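Each chain, letter by letter, is given below.
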Amino acid sequence: MLKVKKGKEKEKKKADKNSQSVGTMLIDGAHAPIYPLIAHQIISKLHITEGVAIDVGAGPASLSVAMARLSDLKIYAMDISAEVIQIAQESMEKEGLENRIKLVHGDVHQMPFPHDFADLVFSRGSMFFWKDLPTAFREIYRVLKPGGSAYVGGGFGSVEVKEKVKPQFERDSPNSIPKIPIDTLEKTVLKAGINDYTLINDDSGLWVLFKKRNQI
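Just so it is clear, the model here is predicted, and its values are computed rather than measured.

**Q** When you look at the environment of Phe129 in this model, what are you seeing that I'm missing?
**A** When you line up the elements, Phe129 lands in the loop between β4 (118-124) and α4 (133-143). Separated by 72 residues in sequence, Phe129 and Gly57 place their C-alpha atoms 9.6 Å apart.

Here it is as structure tokens:
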């Protein structure tokens, strides 16, 4: 087990609320600075720039776009909401990334991917709405290739970006996002059978990083 950085987080009533509000995630919206920063942090920590990636709870795929711009990854942007997938499709066409990012309708609790499929799974903001965290983490682990890694959680990437975008975020999302205490999150990860993990709770947000062991 990799050690924890010390620090301190409703079940969704409708499936579409599994994603963040569309207004908070639009590529050209006020929150656009979040995604390039978080994409850079994911790549800097995990050093995965090619192969297959899955964006879980992708919404309009803002983080997928940022990751595509910084890497050679083939990205599957998955969301439970058909409505935001349609919005993401419009974004893909606008960005010219239809060949790099494939949109997938799916639920993190039963992901539509085979075992050992992805080199990387990432997600921002969706975890706080998952109804069964251990099942979700087990599914993410299942679809990772041996040696593959996950970067899952939520945050603004830095205090500076948070201060810049939080007022607009609160206007777009008047309902507060559920919290997950860090000790609860650690118990959840262990319950999912994941032992090689790191918890981060700092200015970048609350994140779980874990790796799938190589088969012997």
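That shown, we press on.
**Q** Before we go on, may I ask you to explain the packing of aromatic side chains in this structure?
**A** Given two aromatic rings, one states the distance between the centres and the angle between the planes to describe the pair. As enumerated under the stated definition, the model contains 7 aromatic pairs in all. On the basis of an interplanar angle of 75 degrees and a centroid distance of 5.7 Å, the ring pair of Tyr76 and Phe113 is categorised as edge-to-face. Pair noted here: Tyr76 is in strand β2 (residues 74-79) and Phe113 is in the loop between β3 (101-105) and β4, with a separation of 37 residues, a long-range link. On the basis of relative accessible area, Tyr76 is assigned to the buried category, the value being 16%. Owing to a relative accessible area of 8%, Phe113 belongs among the buried residues under this scheme. With a centroid separation of 5.0 Å and 50 degrees between ring planes, the pair formed by Tyr151 and Trp207 is classed as tilted. Of this pair, Tyr151 sits in strand β5 (residues 144-154) while Trp207 is found in strand β7 (residues 205-211), placing the two residues 56 residues apart along the sequence. You'll find Tyr151 and Trp207 in the same group, each marked buried.

**Q** What's the story with helix α2 (residues 62-70) in this structure? I'm lost.
**A** For an α-helix, the turn length of 3.6 residues means that residues three or four places apart are oriented alike. With 7 of 9 residues buried, α2 lies mostly within the body of the structure. Of the residues making up α2, those classed as buried are Ser62, Leu63, Ser64, Val65, Ala66, Met67 and Ala68. At its buried positions, α2 is contacted by α1 (34-46), β1 (52-56), β2, α3 (82-95), β3 and β4.

**Q** Sorry, what's going on with the sheet that holds β3 here?
**A** The strands making up a sheet associate through backbone hydrogen bonding, with each pair oriented either parallel or antiparallel. Across the sheet, which stays open at both edges, the 7 strands sit in the order β3-β2-β1-β4-β5-β7-β6 with mixed pairing between neighbours. At either margin of the open sheet sits one strand with a lone partner, and together these are β3 and β6 (197-202). Across the sheet, the mean angle from the axis of one strand to that of its neighbour is 15 degrees, orientation sign disregarded. Contacts from helix α6 (residues 182-191) reach β6 and β7 within the one sheet, and its direction differs from that of β6 by about 165 degrees.

**Q** I keep staring at the pairing of β7 and nothing clicks. Help me out?
**A** Strand residues, when the strand is regular, have side chains that alternate between the two faces of the sheet. β7 sits mainly inside the fold: 6 of its 7 residues count as buried. Pairing analysis gives 6 bridges linking β5 to β7, with the strands arranged antiparallel. Note that in β7 the partner of Ser149 across the bridge is Lys211. Where β6 meets β7, 6 bridges bridge the pair, whose relative direction is antiparallel.

Conventions used here
- Each residue is numbered by its place in its chain's sequence as written, counting from 1.
- Where totals are concerned, whole chains, interfaces and linings use all residues; where local detail is concerned, this predicted model gives features only for residues with pLDDT of at least 70, and gives and counts side-chain atom pairs only at 80 or more.
- Derived side-chain values reflect all non-hydrogen atoms in the structure, with water molecules and hydrogen atoms excluded from consideration.
- The way it works is that DSSP assigns letters per residue, a run of H or I at least four long becomes a helix, a run of E at least two long becomes a strand, and they are numbered from the N terminus.
- The criterion for an aromatic pair is that two Phe, Tyr or Trp rings (for Trp, the six-membered ring) have centres within 6.5 Å, with stacked assigned to planes under 30 degrees apart, edge-to-face to planes over 60 apart and tilted to the rest.
- Throughout this description, buried means an accessible area under 20% of the type-specific maximum (1.4 Å probe, protein chains only), exposed means over 50%, and partly exposed covers the range between.
- Here, residues are in contact when the closest pair of their heavy atoms is within 4.5 Å.
- In this description, strands pair whenever DSSP reports at least two bridges between them.
- To obtain an axis, a line is fitted to C-alpha atoms, over the contacting stretch when the element is a helix, and the angle between two such axes runs from 0 to 180 degrees between their N-to-C directions.

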